[in-house]
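Coordinate analysis (summary)
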Amino acid sequence: MNECKTPVTVFDLTNPQVLLAWQRNHLANERTFLAWCRTGLALFAFGFVIERFDFFIRQMQSLPMFEGLTRKHLHTEAISLTTFAVGVAVIIMAGWRFAYVRRLINRGEQQFSALPDMLFMISIMAIIISLFAAFWLLVAR
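As a starting point, this report considers the structure included with it. In this text, all values refer to a predicted model and were calculated from it rather than measured experimentally. (Residues numbered from 1 in each chain as written. Predicted model: local features only at pLDDT ≥ 70, side-chain atom pairs only at ≥ 80, totals over all residues. Heavy atoms only, no water.)

Quick look at the overall build of the chain now. What the chain contains, in helices and strands, is three helices and zero strands. For the chain, the succession of helices and strands along the chain, N to C, is α-α-α. Here the contacts in the chain between residues at least 6 apart in sequence split such that 79% fall between residues at least 24 apart. (Helix = DSSP H or I, 4+ residues; strand = E, 2+ residues; numbered from the N terminus. Contact = heavy atoms within 4.5 Å.)

Another point: the environment of Ala-99. With respect to the secondary-structure elements, Ala-99 resides in helix 2 (residues 76-107). Along the backbone, Ala-99 and Asn-29 are 70 residues apart, and their C-alpha atoms lie at a distance of 9.2 Å.

When you line up the elements, Asn-106 lands in helix 2. At 3.4 Å, the side chain of Asn-106 and the side chain of Trp-22 are in polar contact. (Polar contact = N/O pair within 3.5 Å; in protein donor to acceptor, adjacent residues only side chain to side chain.)

This paragraph deals with the packing of aromatic side chains. Applying the stated criterion to the full structure yields five aromatic pairs. With centroids separated by 5.6 Å and ring planes inclined at 75°, the aromatic side chains of Phe-44 and Phe-48 adopt a geometry described as edge-to-face. Within this pair, Phe-44 and its partner Phe-48 are both found in helix 1 (residues 16-61), separated by four residues, close to a single helical turn. Assessed through its relative accessible area of 32%, Phe-44 is described here as partly exposed. One aromatic cluster is present, built from ring pairs that chain together Phe-44, Phe-48 and Phe-84. (Phe/Tyr/Trp six-rings, centres within 6.5 Å; stacked < 30°, edge-to-face > 60°. Buried < 20%, exposed > 50% of the residue type's maximum accessible area, 1.4 Å probe, protein only.)

The next subject is helix 1. Over its 46 residues, helix 1 runs 67 Å from end to end, which matches the ideal 68 Å to within 8%, given 1.5 Å per residue. Looking only at helix 1, the buried set comprises His-26, Asn-29, Trp-36, Cys-37, Gly-40, Leu-43, Gly-47, Ile-50, Asp-54 and Gln-61. N-cap assignment for helix 1: the residue whose side-chain oxygen lies 3.2 Å from the backbone N of Gln-17 is Asn-15. (Expected span 1.5 Å × (residues − 1).)

Here we come to a nonpolar patch on the surface. A contiguous nonpolar patch, built from Phe-44, Phe-48, Val-88 and Ile-92 and spanning about 370 Å² of accessible area, is present on the exposed surface. Elements that contribute at least two residues to the nonpolar patch include exactly helix 1 and helix 2. A relative accessible area of 56% means that Ile-92 is categorised as exposed. (Patch = residues over 30% accessible without salt bridge, like charges linked within 9 Å, V, L, I, M, F, W, Y side chains within 5 Å. Areas by Shrake-Rupley, 256 points an atom, 1.4 Å probe, with all protein chains shown as cover. Salt bridge = Lys/Arg side-chain N within 4 Å of Asp/Glu carboxyl O.)

Before going further, it helps to spend a moment on the nonpolar core. In this structure, Trp-36, Leu-43, Val-86, Val-90, Ala-94, Phe-120 and Ile-124 together form the largest nonpolar core, which totals seven residues. For this core, the elements supplying multiple residues, two or more each, are helix 1, helix 2 and helix 3 (115-140). With three residues, helix 2 is the largest single contributor of residues to this core. Those residues in contact with Ala-94, other than ones at most four positions away along the chain, are Phe-33, Trp-36 and Phe-120. (Core = buried A, V, L, I, M, F, W, Y, C linked by side-chain atoms within 4.5 Å.)

As a further point, take helix 2. Here helix 2 is 32 residues long and its end C-alpha atoms lie 46 Å apart, about the 46 Å a rise of 1.5 Å per residue gives. The positive-phi residue at the C-terminal boundary of helix 2 is Gly-108, with phi of around 80°.

Packed helices, taken two at a time, are described by the angle between their axes plus the distance between the axes. Taken N-terminus to C-terminus, the directions of helix 1 and helix 2 make an angle of 175°; their axes are 8 Å apart at the nearest point. By the angle class used here, helix 1 and helix 2 are roughly antiparallel. Its residues assigned to classes, the contact of helix 1 with helix 2 comprises 20 nonpolar, 13 polar and seven charged. (Axes fitted to C-alpha atoms, helices over the stretch in contact; angles between N-to-C directions. Parallel < 35°, antiparallel > 145°, perpendicular 65-115°, else oblique. Nonpolar A, V, L, I, M, F, W, Y, C, P; charged D, E, K, R; others polar.)

With respect to the helices, strands and loops of the structure, Leu-81 is situated in helix 2. Judged by its relative accessible area of 55%, Leu-81 falls in the exposed class. Here the alpha-carbon distance between Leu-81 and Ile-50, two residues 31 residues apart in the chain, equals 9.7 Å.

Written as structure tokens, this is what we have:
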């Protein structure tokens, strides 16, 4: 049967210095998790900003004083939905990373691989840059 197992540590948590170091590591992991969640929420909010800006531009184009301006459709729906999706993906990946690092801390691992974090940050930056590039190309047309 699958029973809920308590984490088994390979170090002595009765030693106050070891306990404080263990707690510090968990707190640092939680701070990192919350920072990634804030980033995801900011991307999610940025999607709303893009959509509201599109609404504002459409209202401005309907005013008689801006009649000479070209009436472009900015296709911001796809960009804002992609930004929403990236925000959700960041929060999901942050949860996965938090659980992964927590498991490593509880096991007492000596070495952490920075590769998952680096790949995650590079992929998020690439997605954000491609969103800005797509928006720029849609506006420049």
